[in-house]
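Here are the chains, one letter per residue:
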Amino acid sequence: MAEEILSLTGDNQDKVSQLPLIHGTLGPSVVDIRGLYAQTGYFTYDPGFTSTASCSSKITYIDGDNGILLYRGYPIEQLAEKCDFLEVCYLLLKGDLPNGSEMREFVTTISKHVMVHEQLTKFYSGFRRDAHPMAVLVGVVGALSAFYHDVTDVTCHKDRYKAAIRLIAKMPNIVAMCHKYSTGLPFIYPKRKLGYAENFMRMMMGDPCDEYVANPVLIRALDRILILHADHEQNASTSTVRLAGSSGANPYACVAAGIACLWGAAHGGANEAVLNMLEEIGDVSKIPEYVAKAKDKNDPFRLMGFGHRVYKNYDPRAKLMRQTCHEVLDELNLNNDPMFKLAMELERIALEDPYFVEKKLYPNVDFYSGIVLRALGIPTEMFTAIFALSRSVGWIAQWDEMISDPELKIGRPRQLYRGVAKRDVKPISSR
Ligand code: SDX
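Computed from a predicted model, the values in this text were never measured in an experiment.

(A) Expanded view of the sheet that holds strand E5 (residues 68-71). In spatial order, the strands read E4-E5-E6; together these three strands make up an open sheet with antiparallel pairing. Both outer strands of the open sheet, strand E4 (60-63) and strand E6 (74-75), are each paired with one neighbouring strand and no more. Examined bridge by bridge, E4 and E5 share four bridges and lie antiparallel to one another. Counterpart to aspartate 63 in the pairing with E5 is isoleucine 68.

(B) Main features of empty space enclosed by the protein. Within the structure shown, the criterion is met by one cavity of 30 Å³ or more. In this structure, the largest cavity occupies an estimated 40 Å³ of space. Surrounding the largest cavity, Ile225, His229, Asn271, Ser369, Leu373, Phe383, Ile386 and Phe387 form its lining. With three residues, helix H17 (residues 383-403) is the largest single contributor of residues to the lining of the largest cavity. Residue classes in the lining of the largest cavity are distributed as five nonpolar, three polar and no charged.

(C) Expanded view of unusual backbone geometry. One non-glycine residue, glutamate 233, adopts positive backbone phi at about 60°. Relative to the helices and strands, glutamate 233 is located in the loop between helix H8 (216-228) and helix H9 (236-245). Taking relative accessible area as the criterion, glutamate 233 reaches 27% and is therefore assigned partly exposed. Residue lysine 360 is not a glycine yet carries a positive backbone phi of 55°. Here lysine 360 shows up in the loop between helix H15 (354-358) and helix H16 (365-375).

(D) Representation of the layout of surface pockets within the structure. Space inside the second largest pocket adds up to approximately 230 Å³. Along the walls of the second largest pocket sit 18 residues, with Leu86, Ile110, Leu194, Gly195 and Tyr196 positioned nearest its centre. Only helix H4 (100-111), helix H6 (157-183) and helix H7 (196-205) provide two or more residues apiece to the lining of the second largest pocket. In terms of residue count, the dominant contributor to the lining of the second largest pocket is H7 (four residues).

(E) Inspection of the nonpolar core at higher detail. The biggest cluster of nonpolar side chains holds 123 residues, and the ones touching the most others in it are Leu137, Val141, Ile174, Leu278, Leu303 and Leu346. Beyond its immediate sequence surroundings of up to four residues, leucine 137 is in contact with Gly142, Met171, Ile174, Val175, Cys178, Ile259, Ala385 and Ala388.

(F) Up close: the packing of aromatic side chains. According to the stated counting rule, one finds 14 aromatic pairs in the structure shown. Between tyrosine 124 and tyrosine 181 the ring centres are 6.4 Å apart and the planes differ by 50°, which places this aromatic pair in the tilted class. In this pair, tyrosine 124 is assigned in the loop between H4 and helix H5 (133-148) and tyrosine 181 in helix H6, connecting sequence segments 57 residues apart. Here the two residues tyrosine 124 and tyrosine 181 agree in accessibility, since each one is buried. Residues tyrosine 290 and phenylalanine 301 carry aromatic rings whose centres are separated by 5.6 Å and whose planes lie at 70° to one another, so their mutual orientation is edge-to-face. Separated by eleven residues along the polypeptide, tyrosine 290 in helix H12 (residues 287-295) and phenylalanine 301 in the loop between H12 and helix H13 (316-331) bring together distant segments of the chain. In this pair, the class of tyrosine 290 matches that of phenylalanine 301, namely buried. Taken together, Phe306, Phe340, Tyr355, Phe356, Phe367 and Tyr368 form an aromatic cluster joined through their ring pairs.

(G) A look at the environment of glycine 139. Its location among the elements puts glycine 139 in helix H5. Among the residues examined, glycine 139 registers a relative accessible area of 31% and is labelled partly exposed.

(H) Fine view of the pattern of salt bridges. One pass over the structure, following the stated rule, counts 15 salt bridges. Here glutamate 407 makes a salt bridge to arginine 34, at a shortest N to O gap of 3.2 Å. With a gap of 373 residues between them, glutamate 407 in the segment after H17 and arginine 34 in the loop between strand E3 (30-31) and helix H1 (36-40) connect regions that are remote in the sequence. A salt bridge links aspartate 424 to lysine 422; the nearest nitrogen and oxygen atoms lie 3.9 Å apart. The same class applies to aspartate 424 as to lysine 422, namely exposed.

(I) Broad picture of the side chain of glutamate 401. By secondary structure assignment, the location of glutamate 401 is in helix H17. At 2.8 Å, the side chain of glutamate 401 and the backbone nitrogen of lysine 58 are in polar contact. If we ignore the near neighbours within four places in the chain, the residues touching glutamate 401 are Ser56, Ser57, Lys58, Ile59 and Arg242.

(J) The arrangement of the packing of helix H11 (residues 270-281) against H16 in detail. Look at H11 against H16: their axes get within 8 Å of each other, and the N-to-C directions meet at 80°. The angle between the axes of H11 and H16 places the two elements in the roughly perpendicular class. Of the residues in H16, those touching H11 at Ala270, Asn271, Val274, Leu275, Leu278 and Glu279 are Asp366, Phe367, Ser369, Gly370, Ile371 and Arg374. Residues belonging to the contact of H11 with H16 are distributed by class as follows: six nonpolar, three polar and three charged.

(K) Expanded view of H12. Those residues of H12 lying buried are Ile287, Tyr290, Val291 and Ala294. Angularly, the buried residues of H12 cover 105° about the axis, an arc narrow enough to put them on a single face. Looking at the buried positions of H12, the neighbouring elements they touch are H11, helix H14 (338-352) and H15.

(L) How the structure looks around the site of the ligand. In the vicinity of the ligand, 24 residues are found, and the nearest of them are His232, His308, Arg309, Arg317 and Arg391. In the environment of the ligand, an oxygen atom lies 2.9 Å from a nitrogen or oxygen atom belonging to the side chain of histidine 267. One nitrogen or oxygen atom from the side chain of arginine 302 is found 3.0 Å from an oxygen atom belonging to the ligand. Its free accessible area being 1,000 Å², the ligand has 77% of it covered by the protein chains. Taken together, the residues of the shell around the ligand break down into ten nonpolar, seven polar and seven charged.

About the cut-offs
Residues numbered from 1 in each chain as written. Predicted model: local features only at pLDDT ≥ 70, side-chain atom pairs only at ≥ 80, totals over all residues. Heavy atoms only, no water. Pairing = 2+ DSSP bridges. Helix = DSSP H or I, 4+ residues; strand = E, 2+ residues; numbered from the N terminus. 1 Å grid on protein atoms, 1.4 Å probe; cavity = no way out; pocket = protein on both sides within 12 Å on 5 of 7 lines; lining within 4 Å. Points joined across faces, edges and corners; volume = space filled by probe spheres on them. Nonpolar A, V, L, I, M, F, W, Y, C, P; charged D, E, K, R; others polar. Buried < 20%, exposed > 50% of the residue type's maximum accessible area, 1.4 Å probe, protein only. Core = buried A, V, L, I, M, F, W, Y, C linked by side-chain atoms within 4.5 Å. Contact = heavy atoms within 4.5 Å. Phe/Tyr/Trp six-rings, centres within 6.5 Å; stacked < 30°, edge-to-face > 60°. Salt bridge = Lys/Arg side-chain N within 4 Å of Asp/Glu carboxyl O. Polar contact = N/O pair within 3.5 Å; in protein donor to acceptor, adjacent residues only side chain to side chain. Axes fitted to C-alpha atoms, helices over the stretch in contact; angles between N-to-C directions. Parallel < 35°, antiparallel > 145°, perpendicular 65-115°, else oblique. Arc of directions from axis to C-beta. Near = heavy atom within 4 Å. Areas by Shrake-Rupley, 256 points an atom, 1.4 Å probe, with all protein chains shown as cover.

See below:
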């Protein structure tokens, strides 16, 4: 098929730039502007990258207008119902779902790497007990690069895969230790024979004096939460991991950068912020007051858990999360949970309000996840750490795809300079 061209004419009508269009499998085509500056002397300008494709990828596809999310082509609804989190990890890393023997081998490989170096546990004692778990997580995951820098050659596919396996295997242990450290209770070692989500919950909630008895409904709910948060195209934290990795940095250091970015309330920190907001609203009667604040341009308050850069329709993960909410609260006889009722009423009111309708602000994945995690007994400040636990597989899969991309270049954006033009330094006596 003849290459499609976008023609641009300059201000003086004589400069015409021929920019090729590139078409993907699904979604918007892109204008290849790699030659724009050389041809025209112009940069593009797109703070926040609202109209910019930073890379090509085969991992995740999002259709924001139709509320579609695919991991390697599989709809998130089917994966959440028919797979478990480790199957999804295999899918994101390798490009397809495993068969029985491939899955058994993958589970065995992961289980061999669940322990962390005993020296790594010493890092926790350097933090205050009341340090935010995300601050601890950034530090400890970054410290993994000190344990594996000499055995990780990022140019070697086998080393990259080993780094992915180590990260997936060790994150539940590292995240659970963030919680345990804050309680003063001893760290709980993983058990190789337990499933991924059960192992994590036992390390999080168990104690050495009693056998941890898992509730299969709650374990399944947590596993589903991990599936829903595993990857999401080029979101802020994934773009951070890619940019850090484009310089050839150690993968664990890159993931630590992603954790730092995820912490923000506009991104992964929203699940914790949603629960804090619901607790602040407190009662259905106060919802109109807070909706009004969210609409007030002079008020920085935003309705946490609402809105999304890409989804201008319902976030498909929010629907699945609401369903998981019902299952967990029913299982725990909490279906009269005031927080859940408040959330559902807030959702109803907001979705009827013209401001939210016109701006296409729908509940996102974070709106209900906090309620489920709270019902599972997980403290609010650990919510984003669990998001990071899940997203680690997306980050490392995207990092691996980038490093193996023959088009890889170090990420180095330019700018629109609006500072002072060139001037000479005067001696201090005459300033
Ligand atoms: C995640 O990118 C991803 O994929 C992220 C994520 C993932 O899986 O990685 O999906 C996870 O981060 C989900 C989002 C969690 N964040 C929140 O729930 C925080 C609340 N949401 C907002 O901060 C906001 O909606 C963002 C940050 C999510 C999206 O911001 P955008 O795309 O930059 O949109 P915007 O700020 O330009 O908002 C457009 C308009 C603005 O009004 P105008 O200036 O046009 O008049 O909508 C308004 C905003 O004021 N608006 C909101 C709002 N979100 C946007 N108004 C009230 N409450 C909100 N929540």
